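Analysis of the macromolecular model
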Amino acid sequence: MGILTQDDKQNIRDFWAKVFENAEDNGKAIIIRLFIDHPETMKYFKHFKNVSSRMELEKNARVKVHGRRVMNALNQIVESMDDWGAVVGILTPLAEKHKDVHKVGVHNFKLLFEVIINVYKDALGASFTHPICESWRKVFKLLFDFLEAFYTNTSES
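The rules behind the values
Residues numbered from 1 in each chain as written. Predicted model: local features only at pLDDT ≥ 70, side-chain atom pairs only at ≥ 80, totals over all residues. Heavy atoms only, no water. Helix = DSSP H or I, 4+ residues; strand = E, 2+ residues; numbered from the N terminus. Rg over C-alpha atoms; globule rule 2.2 N^0.38 Å. Buried < 20%, exposed > 50% of the residue type's maximum accessible area, 1.4 Å probe, protein only. Contact = heavy atoms within 4.5 Å. Areas by Shrake-Rupley, 256 points an atom, 1.4 Å probe, with all protein chains shown as cover. Lys, Arg positive; Asp, Glu negative; His and termini not counted. Charge placed at Lys NZ, Arg CZ, Asp CG, Glu CD. Axes fitted to C-alpha atoms, helices over the stretch in contact; angles between N-to-C directions. Parallel < 35°, antiparallel > 145°, perpendicular 65-115°, else oblique. Polar contact = N/O pair within 3.5 Å; in protein donor to acceptor, adjacent residues only side chain to side chain. Expected span 1.5 Å × (residues − 1). Core = buried A, V, L, I, M, F, W, Y, C linked by side-chain atoms within 4.5 Å. Salt bridge = Lys/Arg side-chain N within 4 Å of Asp/Glu carboxyl O.

Take the overall build of the protein chain next. Scanning the protein chain from terminus to terminus reveals seven helices and zero strands. The N-to-C order of helical and strand elements in the protein chain reads α-α-α-α-α-α-α. Relative to a compact globule of 157 residues, whose C-alpha radius of gyration would be 15 Å, the protein chain shows 15 Å and is just as compact. Taken across its 157 residues, the protein chain has 44% of its residues classed as buried. Expressed as a percentage of contacts within the protein chain between residues at least 6 apart in sequence, the contacts between residues at least 24 apart total 72%. As displayed, the protein chain offers around 8500 Å² of accessible surface, 53% of which is attributable to carbon and sulfur atoms. Once the 22 positive and 21 negative side-chain charges of the protein chain are each reduced to a mean point, those two points are 6 Å apart.

So this is what it looks like as structure tokens:
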């Protein structure tokens, strides 16, 4: 995948193995943090419009379900890092659905990616080292660049 070195890929795979062990809770933490840090993103989720507190988010089963979806998509991407065509095959239907069905602006992916990094930093402290963080930033830049190009190119058609 583009700008990723073999060290980057190894950093991501090693770290991901730890994170994905508890995919449900980590995914839930990501979604809750997204909604807390960027409450404007809740408008894209009809089931969360009336949720007003962190405690309600913690108890909401749909938060857990969506968090798991995010983790599963990331898992597919991590597993496919050596095959950009496979990553495109994962991202394209996700982008189509978010753009055309849910009407989610592409900038929201950038928010999500930053939230994921912040959740990793908070949850894992010193074990989320600078090199690991930079590897994840590179992955998210590649993903965002693809998504942004997809949104732009499909808007012109």
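Further notes follow.
Where helix 2 (residues 23–37) meets helix 4 (residues 61–79), the closest approach of the two axes is 7 Å, and the angle between their N-to-C directions is 105 degrees. With respect to helix 4, the element helix 2 is oriented roughly perpendicular. Where helix 2 abuts helix 4, its residues A23, E24, N26, G27, K28, I30, I31 and I32 lie against V63, K64, H66, G67, R68, V70 and M71.

Turning our eyes to something else, we now look at the environment of I30. Relative to the elements of secondary structure, I30 occurs in helix 2. Classification of I30 by relative accessible area gives buried; the value is 0%. Spatially, the C-alpha atom of I30 lies 18 Å from that of L94, the residues being 64 residues apart in sequence. If we skip the residues at most four places from it in the chain, I30 touches M71, L112, V115, I116 and V119.

For the rest of this paragraph, the subject is the side chain of K99. The residue K99 is located in helix 5 (residues 84–101) in this model. With a relative accessible area of 18%, K99 lands in the buried category. Side chain to side chain, K99 and T154 meet in a polar contact 3.4 Å long. If near-sequence neighbours (up to four positions away) are discounted, K99 is found in contact with V104, F150, Y151, T154 and S155.

Across its 18 residues, helix 5 extends 25 Å between first and last C-alpha, which sits within 8% of the 26 Å expected from 1.5 Å per residue. Here helix 5 has its buried residues at V87, I90, L91, A95, H98 and K99. K103, located one to two residues past helix 5, shows a positive phi value of around 60 degrees.

Another point: the nonpolar core. Ranked by internal contacts, the top residues of the largest apolar core, which has 51 residues, are Y120, W136 and F140. Listing elements by their share of this core, those giving two or more residues are helix 1 (6–20), helix 2, helix 4, helix 5, helix 6 (107–124) and helix 7 (130–156). Here this core gets twelve residues from one element, more than from any other, and that element is helix 7. Apart from the residues within four sequence positions on either side, W136 is in contact with I12, F15, W16, V78, I117, Y120 and F128.

So, about the pattern of salt bridges. Evaluation of the coordinates by the stated rule reveals twelve salt bridges. Measuring nitrogen to oxygen at the nearest pair gives 3.3 Å for the salt bridge that ties D100 to K99. Across the salt bridge formed by K141 and D145, the nearest N and O atoms sit 2.6 Å from each other. Residue K141 and its partner D145 are located together in helix 7, separated by four residues, close to a single helical turn. Taking relative accessible area as the criterion, D145 reaches 33% and is therefore assigned partly exposed. Shared partners join several salt bridges into a network, and the residues in it are K9, R13 and D82.

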